[in-house]
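Structure at a glance
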Amino acid sequence: PNARLQRRRRQRAEHGLDFDSSGTPFDNTEIRIAAPDEHGVGEIETRHPGMFKGSYKEAEASAAVLTADGWMRTGDAGFIDGHGRLTVIDRVDR
């Protein structure tokens, strides 16, 4: 393997880094996977204090993006691994 790949493998082993994921959520940010399939893949949803709260005078557009319990649908598909790291793999079909 080339030097870059060897360096990544060493960093992964020494520091628990995962170059395939987006990492864990920021403080005060929650993520969840909606309607996961048998592999744990589903739509990524998030909520946090600075989040989009809806479109002004556009209730229908807001309802398309926000769930009834206050989570924002990202339109991205992904999964959360056993270490709480998010991996984005595609866009979802709506």
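This write-up is about the structure you can find in this document.

Let us now look at unusual backbone geometry. Unusually for a residue other than glycine, asparagine 28 sits at a positive phi of about 65 degrees. For asparagine 28, the position within the fold is in the loop between helix 1 (3-15) and strand 1 (30-34). Asparagine 28 sits in the exposed class, given a relative accessible area of 64%. The phi dihedral of alanine 35 falls on the positive side, at around 45 degrees, and the residue is not glycine. Judged by its relative accessible area of 72%, alanine 35 falls in the exposed class.

This part is about the environment of arginine 73. Note that arginine 73 resides in strand 3 (residues 72-80). Within the structure, arginine 73 has its side chain in polar contact with the backbone oxygen of alanine 64 (distance 3.3 Å). Polar contacts involving the side chain of arginine 73 include one to the main-chain carbonyl oxygen of leucine 66, which spans 3.2 Å.

Right, let's get into the pairing of strand 2 (residues 42-47). Side chains on a regular strand alternate between the two faces of the sheet. Here strand 2 lies mainly inside the structure; five of its six residues are buried. With four bridges joining them, strand 2 and strand 3 adopt antiparallel strand pairing. Opposite glutamate 45, over in strand 3, you have arginine 73 as the bridge partner.

With that out of the way, let us pick up the sheet that holds strand 2. The antiparallel open sheet is built from four strands, whose spatial order is 1-2-3-4. Two strands bound the open sheet, and with one partner strand each, they are strand 1 and strand 4 (86-91). Strand-to-strand twist across the sheet, computed as the mean angle between neighbouring axes with direction ignored, equals 50 degrees. Examined bridge by bridge, strand 1 and strand 2 share five bridges and lie antiparallel to one another. Looking at strand 2, one finds that isoleucine 31 is bridged to threonine 46.

What follows concerns the side chain of glutamate 43. Relative to the elements of secondary structure, glutamate 43 occurs in strand 2. Judged by its relative accessible area of 13%, glutamate 43 is buried. There is a polar contact of 2.8 Å between the side chain of glutamate 43 and the backbone nitrogen of glycine 75.

Applying the stated criterion across every chain yields a total of five salt bridges. A salt bridge links arginine 47 to glutamate 30; the nearest nitrogen and oxygen atoms lie 2.8 Å apart. With arginine 47 in strand 2 and glutamate 30 in strand 1, this pair connects stretches of sequence that are 17 residues apart. Overall, glutamate 30 belongs to the partly exposed group, its relative accessible area being 37%. The salt bridge partner of glutamate 45 is arginine 32, with a shortest N-O separation of 2.7 Å. Within this pair, whereas glutamate 45 is found in strand 2, its partner arginine 32 is found in strand 1, the two being separated by 13 residues in sequence. By relative accessible area, which is 5% here, glutamate 45 ends up buried. Where salt bridges share partners, they join Arg32, Glu45 and Asp69 into one cluster.

Cut-offs and rules
- Residues numbered from 1 in each chain as written.
- Predicted model: local features only at pLDDT ≥ 70, side-chain atom pairs only at ≥ 80, totals over all residues.
- Heavy atoms only, no water.
- Helix = DSSP H or I, 4+ residues; strand = E, 2+ residues; numbered from the N terminus.
- Buried < 20%, exposed > 50% of the residue type's maximum accessible area, 1.4 Å probe, protein only.
- Polar contact = N/O pair within 3.5 Å; in protein donor to acceptor, adjacent residues only side chain to side chain.
- Pairing = 2+ DSSP bridges.
- Axes fitted to C-alpha atoms, helices over the stretch in contact; angles between N-to-C directions.
- Salt bridge = Lys/Arg side-chain N within 4 Å of Asp/Glu carboxyl O.

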